[in-house]
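Overview (structure and organization)
So you can see what is in the structure, the chains are spelled out below.
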Amino acid sequence: MLDRLEFVMGEAIQGMRRHLLMSFAAITTVAVALYLIGGLGYLYLSLQKYAQELSGRYEIQAYFQQDAKMDKIHQAAEAARAIPGVGMVVHIPKEQAWKKTRRENPELTEGLENPYPDALKINVTKLEKTPEIVGAIQSLPGIQADAVMYHDPTQRFLNDLMKLVQWLGLILGGLLFATAGVLIYNAIRLTIDARRREIRIMQLVGASHWTVRMPFLIEGATQGILGGIVGTILLWATYSTISNYVQANLSSMHKMQPFGVLPVGFTLVILGVSYGLICSILAIRNPARLRGGAI
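Residues numbered from 1 in each chain as written. Predicted model: local features only at pLDDT ≥ 70, side-chain atom pairs only at ≥ 80, totals over all residues. Heavy atoms only, no water.

Right, let's talk about the overall build of the chain for a bit. The helix and strand tally for the chain stands at 10 helices and 4 strands. When the helices and strands of the chain are listed from N to C terminus, the series reads α-α-β-α-β-α-α-β-α-β-α-α-α-α. Across the chain, contacts joining residues at least 24 apart in sequence account for 83% of those joining residues at least 6 apart. As displayed, the chain offers around 17,600 Å² of accessible surface, 63% of which is attributable to carbon and sulfur atoms. (Helix = DSSP H or I, 4+ residues; strand = E, 2+ residues; numbered from the N terminus. Contact = heavy atoms within 4.5 Å. Areas by Shrake-Rupley, 256 points an atom, 1.4 Å probe, with all protein chains shown as cover.)

Do not read the predicted coordinates in detail wherever pLDDT is low. Of the residues in the chain, 76% have a pLDDT of 70 or more, and the chain-wide mean is 77. Within the chain, the element-level pLDDT minimum falls on helix H1 (residues 2–18), averaging 65, and the maximum on helix H3 (residues 70–81), averaging 87. (pLDDT = per-residue confidence, 0-100.)

Strand order across the open sheet formed by 4 strands is E2-E3-E1-E4, with antiparallel pairing between neighbours. The open sheet has two edge strands with one neighbour each: strand E2 (86–92) and strand E4 (143–149). Between one strand and the next, the sheet's axes are offset by a mean angle of 25°, whatever the strand orientation. Pairing analysis gives 5 bridges linking strand E1 (residues 59–64) to strand E3 (residues 119–124), with the strands arranged antiparallel. If you follow Ile-60 over to E3, its bridge partner there is Ile-122. Of the strands in this sheet, E1, E2 and E3 are in contact with H3, which crosses E2 at around 165°. (Pairing = 2+ DSSP bridges. Axes fitted to C-alpha atoms, helices over the stretch in contact; angles between N-to-C directions.)

Per the stated rule, a full pass over the model turns up 1 aromatic pair. Ring plane angle 65° and centroid distance 6.1 Å describe the contact between Trp-98 and Tyr-116, whose orientation is recorded as edge-to-face. With Trp-98 in helix H4 (residues 94–104) and Tyr-116 in the loop between helix H5 (106–109) and E3, this pair connects stretches of sequence that are 18 residues apart. (Phe/Tyr/Trp six-rings, centres within 6.5 Å; stacked < 30°, edge-to-face > 60°.)

Where a protein is soluble and globular, its nonpolar side chains tend to be buried together. With 22 residues, the main nonpolar core has Ile-60, Ile-122 and Ile-137 as its most contacted residues. Of all elements in the fold, only E1, H3, E2, E3, helix H6 (130–138) and E4 reach the threshold of two or more residues within this core. At 4 residues, H3 tops the list of elements feeding residues into this core. For Ile-137, the residues in contact, after removing those within four places along its chain, are Ile-60, Ala-62, Ile-83, Ile-122, Ile-143 and Val-148. Ranked by size, the runner-up nonpolar core spans 20 residues in total, among them Phe-177, Tyr-239, Val-264 and Ala-283. (Core = buried A, V, L, I, M, F, W, Y, C linked by side-chain atoms within 4.5 Å. Buried < 20%, exposed > 50% of the residue type's maximum accessible area, 1.4 Å probe, protein only.)

As a further point, take the environment of Lys-126. Residue position: Lys-126 is located in the loop between E3 and H6. Taking the C-alpha atoms as reference points, Lys-126 and Gly-85, 41 residues apart in sequence, are found 4.9 Å from one another.

Turning our eyes to something else, we now look at helix H10 (residues 261–283). Helix length check: H10 (23 residues) gives 32 Å between terminal C-alpha atoms against 33 Å at 1.5 Å per residue, within 8%. Within H10 the residues assigned to the buried category are Val-264, Gly-265, Leu-268, Gly-272, Val-273, Gly-276, Cys-279, Ser-280 and Ala-283. (Expected span 1.5 Å × (residues − 1).)

Attention now moves to the pairing of E3. Looking along a regular strand, one sees the side chains alternate between the two faces of the sheet. Most of E3 sits out of view: 5 of its 6 residues are buried. Alignment of E2 against E3, held across 5 bridges, turns out to be antiparallel. By the bridge assignment for E3, Val-90 is matched with Lys-121.

On to the pattern of salt bridges, then. Counted under the stated rule, the structure contains 1 salt bridge. Across the pair Arg-81 and Glu-78 runs a salt bridge, and its minimum N-O distance is 2.9 Å. Of this pair, Arg-81 and Glu-78 both sit in helix H3, separated by 3 residues, roughly a single helical turn. (Salt bridge = Lys/Arg side-chain N within 4 Å of Asp/Glu carboxyl O.)

In structure tokens, the structure reads:
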């Protein structure tokens, strides 16, 4: 068993050595693809976490009509709490708002009557639902539809940025993965063509189906593993550089979270080895290429 394992491993390494340049191109392309996908995925998760944290501080101010009665205000507050994506709802009486304004600006408010209506301060727990929440609040009884105030650009910017990250990952990462797949595929096909006589001899002496094919699968998996490792190193180096720069120039910001080398590396290596195996299987899928008559 160990002799067979040593044999197939040696054959895989020999195949990579024979086409070293092609193997190097495949490994580096897989590394860049995983680096891009991993980096964009990490950025997307960070933006998603930031959006969740921002949602806890995101508020909507909804103003009632001047003649709104207290029972209408209580009904509207209860209805607002039932809207999906809404957290805490607080009633701000107009007397309280006017008192605060007079305390902060005594000279400007002297002799003036209270112009404020009653209002609701509504906490948003799901930032992406802001447009739906605003529409539902505008339809509440007693609420002035044109007096629902919220900072829409923040929500739109985060949503647009997260969509951009998704599309960049799909398009650029997909193109690089396709290129890496072609390189791995061609490297293995070239190895098969270069070893036609050896493969034929192995088959004549009774080598099993998997003994013949296993070195090519190991070769593709090895290229994927190395690509995942290199991609992780590149991603870690990029994150460390950015983190050091932020801490050196923006000391007022909170310290960036440490880079999870093990979980990120494990994920990228699993993606790399899976992709390498798939490309290898595609390269040897035609049995005629591994039969003596075709080789």
